[in-house]
Amino acid sequence: MSRHARPQSSPGAANDGSWRSARTPPSGRQFTLRHGDQDVVITEVGGGLRSYTAGGRPVLDGYGADEMCTAGRGQTLIPWPNRVDGGRYRFGGEEHVLPLTEPEAGNAIHGLTRWATWEPADHDEQTLWLRHTLHAQPGYPFVLYCELVYTLDDGGLRVRTSATNGGTQPLPYATGAHPYLTVGTPVIDLARLQLPVRTRYRTDQRGIPTGREPVEEFDGLIGDQRIDTAFTDLVRDATGWSGSSSPPRTARR
């Protein structure tokens, strides 16, 4: 067995590895959506949101096509967001143990599909439909059919996340997203942050939630605050929008 994998100089014959590409980006195939002055790039790896620009300005703090995704930039978190304490959880009367993907804190973090291959089911200039089957594995002995639909229109970018139980028994499921929005400045200290929320989750030093507490809506400069907190009970208007009085053209889920 060869000890080193060499780059392909050209694809081989159909029975000799023609599915391999000579120059595959670290995040796999790149799927582009365009509408007016908006451009979006979604990746095959993780079905992630790599880049979003509007009017020539970045909406996201993304990464380059020749780079591997760092941290959770643009990733969708399935079948759980945040962290599983010690990688251990009980479901259906049984204890399950997940690999510790945040070993320095002793946690399993952000699910199992972040680095998986997502296949396109449909793709045109304004819509991308991706699918991924999460097969049973140690720590998560369930089958989950996952779908992401990205749509770009006059209102901005919309992302629909859905999942279907592929087995006969109930399974644990949750999801989240990491769009990494940018305000277009080198630092965010002087940026104004509005949080129309009523509740936040307290967390310990390892990022594990320890309880809920009521909060007042925040509206002010970020300054030297470090905010790594889950907020909930959003304050919404009559249309269901939570945020400023006029929805910005940005990523929505």
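Residues numbered from 1 in each chain as written. Predicted model: local features only at pLDDT ≥ 70, side-chain atom pairs only at ≥ 80, totals over all residues. Heavy atoms only, no water.

Caption draft 1: Representation of the overall build of the protein chain within the structure. Looking only at helices and strands, one finds zero helices and 20 strands in the protein chain. Within the protein chain, the fraction of its 253 residues that count as buried is 32%. Across the protein chain, every contact between residues at least 6 apart in sequence was considered, and the portion connecting residues at least 24 apart equals 56%. When the accessible surface of the protein chain is totalled, it reaches about 15600 Å², and 51% of it is carbon and sulfur. (Helix = DSSP H or I, 4+ residues; strand = E, 2+ residues; numbered from the N terminus. Buried < 20%, exposed > 50% of the residue type's maximum accessible area, 1.4 Å probe, protein only. Contact = heavy atoms within 4.5 Å. Areas by Shrake-Rupley, 256 points an atom, 1.4 Å probe, with all protein chains shown as cover.)

Caption draft 2: Fine view of the side chain of histidine 35. With respect to the helices and strands, histidine 35 occurs in strand E1 (residues 30-35). At a separation of 2.6 Å, a polar atom in the side chain of histidine 35 contacts the side chain of aspartate 154. Filtering out sequence-adjacent residues up to four positions away, histidine 35 remains in contact with Gln126, Leu152, Asp153 and Asp154. (Polar contact = N/O pair within 3.5 Å; in protein donor to acceptor, adjacent residues only side chain to side chain.)

Caption draft 3: The sheet that holds strand E16 (residues 197-203), seen in detail. With respect to topology, three strands assemble into an open sheet ordered E17-E16-E19, the strand pairing being antiparallel. At either margin of the open sheet sits one strand with a lone partner, and together these are strand E17 (209-214) and strand E19 (231-234). Neighbouring strand axes in the sheet, compared pairwise and without regard to direction, differ in orientation by 25° on average. Bridge count between E16 and E17: five bridges; the pairing is antiparallel. By the bridge assignment for E17, tyrosine 201 is matched with arginine 212. (Pairing = 2+ DSSP bridges. Axes fitted to C-alpha atoms, helices over the stretch in contact; angles between N-to-C directions.)

Caption draft 4: Seen up close, the side chain of histidine 132. Structurally, histidine 132 is set in strand E11 (residues 127-134). Here histidine 132 falls in the buried class, since its relative accessible area comes to 13%. Within the local environment of histidine 132, its side chain forms a polar contact with the backbone oxygen of threonine 117, the two atoms lying 3.0 Å apart. Not counting chain neighbours up to four residues away, the residues in contact with histidine 132 comprise Thr113, Ala116, Thr117, Trp118, Leu144, Tyr145 and Cys146.

Caption draft 5: Looking closely at the sheet that holds strand E2 (residues 38-43). An order of E1-E2-E3-E4 is seen for the four strands of this open sheet, with the pairing classed as antiparallel. For this open sheet the edge positions go to E1 and strand E4 (57-58), each flanked by a neighbour on one side alone. Across five bridges, the pairing between E2 and strand E3 (residues 49-54) is antiparallel. Its bridge partner lying in E3, glutamine 38 is registered against alanine 54.

Caption draft 6: Just the pairing of strand E7 (residues 88-91), in detail. Summarising the sheet, E7 and strand E8 (residues 94-97) pair through four bridges and their orientation is antiparallel. Bridged to arginine 88 within E8 is valine 97. Hairpin connection between E7 and E8: a loop of two residues separates the two successive antiparallel strands, and glycine 92 in this loop has a positive phi of roughly 60°.

Caption draft 7: Layout of the confidence of the model for the protein chain. In the predicted model, the protein chain carries a mean pLDDT of 88, and 87% of its residues have values of at least 70. Long-range and interchain partners of residues 245-253, a stretch whose pLDDT sits below 50, account for 31 contacts in this model, where long-range means more than four residues apart. (pLDDT = per-residue confidence, 0-100.)

Caption draft 8: Molecular detail of the packing of aromatic side chains. Counted by the stated rule, this structure contains two aromatic pairs. Where phenylalanine 91 meets phenylalanine 142, the ring centres are 5.9 Å apart and the plane angle is 85°; that geometry is what we call edge-to-face. With phenylalanine 91 in strand E7 and phenylalanine 142 in the loop between E11 and strand E12 (144-153), this residue pair connects regions lying 51 residues apart in the sequence. Between tyrosine 140 and phenylalanine 142 the ring centres are 4.9 Å apart and the planes differ by 75°, which places this aromatic pair in the edge-to-face class. One exposure class covers both tyrosine 140 and phenylalanine 142, and it is buried. (Phe/Tyr/Trp six-rings, centres within 6.5 Å; stacked < 30°, edge-to-face > 60°.)

Caption draft 9: Here's a closer look at the environment of glutamate 217. Checked against the element boundaries, glutamate 217 lands in the loop between E17 and strand E18 (218-221). Expressed as a C-alpha distance, the spacing of glutamate 217 and valine 197, which sit 20 residues apart in the sequence, is 5.5 Å. Setting aside residues no more than four positions away along its own chain, glutamate 217 makes contact with Leu195, Pro196, Val197 and Val235.

Caption draft 10: Up close: the pattern of salt bridges. For the structure shown, the criterion picks out 13 salt bridges. Across the salt bridge formed by glutamate 119 and arginine 29, the nearest N and O atoms sit 3.0 Å from each other. Residue glutamate 119 is found in strand E10 (residues 119-123), and its partner arginine 29 is found in the segment before E1; the two are separated by 90 residues along the sequence. Close ionic contact of arginine 192 with aspartate 219 constitutes a salt bridge, the shortest N to O distance being 2.7 Å. On the criterion of sequence distance, the pair formed by arginine 192 in strand E15 (residues 192-195) and aspartate 219 in strand E18 is long-range, its members being 27 residues apart. Among the residues examined, arginine 192 registers a relative accessible area of 58% and is labelled exposed. (Salt bridge = Lys/Arg side-chain N within 4 Å of Asp/Glu carboxyl O.)

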